[in-house]
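Structural overview for review
What follows is each chain in one-letter form.
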Amino acid sequence: MPDPLRQSDAARFFVPLIFTAQMMMISHSVIHAFLARMPAPTITLAAFSATHALFSVAASPTVTTPLIALSFIHDRRSVHRQFVFNGLMQLFPFLFMQVVGWTSLGDWMFGSLLGVSAEVTRQARAAVIVFSLALPPIMVRA
């Protein structure tokens, strides 16, 4: 029979989760405060908001995959299969955001679809490339 769980075991598991949640909650406030001090804060904040909206929509399928994957992990082989599956799930939003950032699709997405100005579109296209770089660490974390 395994040893019963102790409070220290629970703390070792939950304390990092608490800090992760706190960091996620304050990160946007910190980012907004930093961007508000840039030379053109209105344009910079608008570009960040447009990029974040696109990132949220594009990466939304990847949010639930780690939770779903937990139900399919039974052994080392299944962990490898889930890693490959999550990698493929992250690949499509990553490539989409790279295409938006590097091609005229970004002009259409931000300028026409979201209706932001040309300067905001220019900054958002650059920002979406940087945002897409968050997907590989998200996959590893997942």
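Computed from a predicted model, the values in this text were never measured in an experiment.

1. Overview of the pattern of salt bridges
Inspection of every chain in the model, using the stated rule, returns four salt bridges. Put simply, Arg-125 and Asp-107 hold a salt bridge, and the shortest N to O gap is 3.0 Å. Of this pair, Arg-125 sits in helix H6 (residues 118–132) while Asp-107 sits in helix H5 (residues 105–113); the two residues are 18 residues apart in sequence, bridging distant segments of the chain. By relative accessible area, Arg-125 is classed as buried at 18%. A cluster of three or more residues bridged by salt bridges with shared partners is formed by Arg-6, Asp-9 and Arg-12.

2. Structural notes on the environment of Leu-105
Within the secondary structure, Leu-105 is located in helix H5. In this structure Leu-105 comes out as partly exposed when scored by relative accessible area, which is 29%. For the pair formed by Leu-105 and Leu-70, sequence separation is 35 residues and the distance between their alpha carbons is 36 Å. What Leu-105 contacts, discounting residues up to four positions off in sequence, is Phe-96, Val-99 and Val-100.

What counts as what
- Residues numbered from 1 in each chain as written.
- Predicted model: local features only at pLDDT ≥ 70, side-chain atom pairs only at ≥ 80, totals over all residues.
- Heavy atoms only, no water.
- Salt bridge = Lys/Arg side-chain N within 4 Å of Asp/Glu carboxyl O.
- Helix = DSSP H or I, 4+ residues; strand = E, 2+ residues; numbered from the N terminus.
- Buried < 20%, exposed > 50% of the residue type's maximum accessible area, 1.4 Å probe, protein only.
- Contact = heavy atoms within 4.5 Å.

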